[in-house]
Amino acid sequence: MLALALLALFAQDEDAVRAAVRKALPLLEKSSAQILETKTCFTCHHQALPVLALQTAKARGFDVDEKNLKAQAKYTWDSLVAGKDRYTQGKGQGGEVGTASYALWTLELSGWKPDDTTGLVATYIANYGKKDDPWKHTSARPPSEGSPFTATALAIRSLQTFGTTDQKARIERAREWLVKTKPADTEERVFRLRGLKYAGAEAKVVEAAAAELVATQREDGGWAQLEKLESDAYATGSALFALFESGMKPADEPYRRGLKFLLGSQKEDGTWHVATRSKPIQKYFESGFPHEKDQFISITATGWSVTALAISIREMPR
């Protein structure tokens with residue numbers, strides 16, 4: 001009887017998760033497509049995270065706009081091609097290593113094969129800053145831009161996918177920095193965990209980093225960006241994704257509690273609203289995503305949330 005009750009509970013949970021993902025996909029697709037007509041440069045909030053969410057949903061059997069996914073990959077690559085001269089000079093584009101790494105991750109998610117352009121960008125990333133230091137963002141737009149943990153984890157991922165054997169030597173030094181450096185907030189704990197996993201740190205080190213992240217989960221099942229803030233979808237979705245990458249199963253209690261928080265905080269329009277902590281550095285424009293001045297962090301949060309939810313579907317037994 002207990003087994004049957006648990007199976008019924010899992011079925012209800014999966015139905016709720018599927019409904020939440022299905023509700024979120026239209027606005028992710030609409031806004032990511034609209035930005036292609038509005039802007040001429042790659043953005044982590046409208047390319048990387050929507051592509052991650054859409055590709056994850058696609059892998060779990062959801063219908064997504066294949067034409068839009070291909071357009072996102074081409075737009076990302078075109079943006080890198082447009083900055084080729086600056087990459088050759090070692091200058092990069094606006095956002096520098098953060099933009100370059102998020103762009104290469106977007107191409108990886110899209111199944112893009114290494115080519116001359118991705119190789120040039122990988123060389124730029126490998127040579128960026130002092131070789132014995134972690135990678136650092138040049139801008140301060142928290143939470144996604146500003147922390148060396150974020151920049152370092154994404155740079156490691158980029159070099160693993162598109163770098164050469166010689167360039168990957170820098171990953172070893174970055175791993176040492178990640179092992180010995182203490183993170184200060186959720187963003188840093190999330191990307192430290194991801195960076196350690198990508199860099200091939202010892203299992204016990206990765207497990208300790210994961211436990212440190214789990215220890216900051218709130219009573220409501222979510223995570224907060226900062227200790228003084230309330231739980232939100234950006235921190236929660238990114239934390240669940242990092243924990244999954246490190247080996248946590250979506251059926252595990254911390255993950256299920258996080259899913260419950262996400263299901264309970266989704267808006268009627270299918271999005272998750274998160275208030276921005278960043279000061280604007282460019283003229284305001286509408287991207288087709290709700291929440292006005294909070295739209296960029298909110299589409300990023302929605303991308304993380306959809307990804308975390310969709311990942312759990314294959315783990316929930318019928």
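Since the structure is predicted, the reported quantities are computational estimates derived from the model, not experimental observations. (Residues numbered from 1 in each chain as written. Predicted model: local features only at pLDDT ≥ 70, side-chain atom pairs only at ≥ 80, totals over all residues. Heavy atoms only, no water.)

> Describe in detail the environment of leucine 27, supporting the description with residues and values.
Mapped onto the fold, leucine 27 is located in helix H1 (residues 2-38). Note on leucine 27: relative accessible area 15%, which makes it buried. Spatially, the C-alpha atoms of leucine 27 and phenylalanine 289 are 6.6 Å apart, while their sequence positions differ by 262 residues. (Helix = DSSP H or I, 4+ residues; strand = E, 2+ residues; numbered from the N terminus. Buried < 20%, exposed > 50% of the residue type's maximum accessible area, 1.4 Å probe, protein only.)

> An account of the packing of helix H9 (residues 186-198) against helix H11 (residues 233-246) is needed here, citing residue identities and associated values.
H11 packs onto H9 with a crossing angle of 20 degrees between their chain directions and a minimal axis gap of 9 Å. Considered as vectors, H9 and H11 are oriented roughly parallel to each other. Crossing hand, H9 versus H11: left-handed. Every residue of H11 that contacts H9 at Thr186, Glu187, Val190, Leu193, Arg194, Lys197 and Tyr198 is listed here: Tyr234, Ala235, Ser238, Ala239, Phe241, Ala242, Leu243, Glu245 and Ser246. Each residue belonging to the contact of H9 with H11 can be placed in one class, and the counts come to 9 nonpolar, 3 polar and 4 charged. (Axes fitted to C-alpha atoms, helices over the stretch in contact; angles between N-to-C directions. Parallel < 35°, antiparallel > 145°, perpendicular 65-115°, else oblique. Left-handed = near helix turned anticlockwise from the far one by under 90°. Contact = heavy atoms within 4.5 Å. Nonpolar A, V, L, I, M, F, W, Y, C, P; charged D, E, K, R; others polar.)

> Run through unusual backbone geometry, naming residues and quoting values.
In this model, proline 142 is joined to proline 143 through a cis peptide bond whose omega is 5 degrees. Along the chain, proline 143 falls in the loop between helix H6 (116-127) and helix H7 (148-162). Of note, histidine 291 is a non-glycine position whose phi angle comes to about 85 degrees, a positive value. With respect to the helices, strands and loops of the structure, histidine 291 is situated in the loop between helix H12 (253-265) and helix H13 (295-312).

> Break down the pattern of salt bridges for me, with residues and values.
Any two side chains of opposite charge can pair, given that their charged atoms come close. In the structure shown here, the tally under the stated rule is 10 salt bridges. Here lysine 74 makes a salt bridge to aspartate 78, at a shortest N to O gap of 2.9 Å. Separated by 4 residues within a single helix, lysine 74 and aspartate 78 lie in helix H3 (residues 66-82), roughly one turn from each other. Looking at lysine 74, the relative accessible area reads 41%, which means it is partly exposed. Note on aspartate 78: relative accessible area 32%, which makes it partly exposed. Note that glutamate 212 and lysine 182 form a salt bridge whose closest N and O atoms lie 3.7 Å from each other. Of this pair, glutamate 212 sits in helix H10 (residues 203-214) while lysine 182 is found in the loop between helix H8 (169-180) and H9, placing the two residues 30 residues apart along the sequence. In this structure glutamate 212 comes out as partly exposed when scored by relative accessible area, which is 24%. Taken together, the shared-partner salt bridges connect Lys182, Arg192 and Glu212 into one network. (Salt bridge = Lys/Arg side-chain N within 4 Å of Asp/Glu carboxyl O.)

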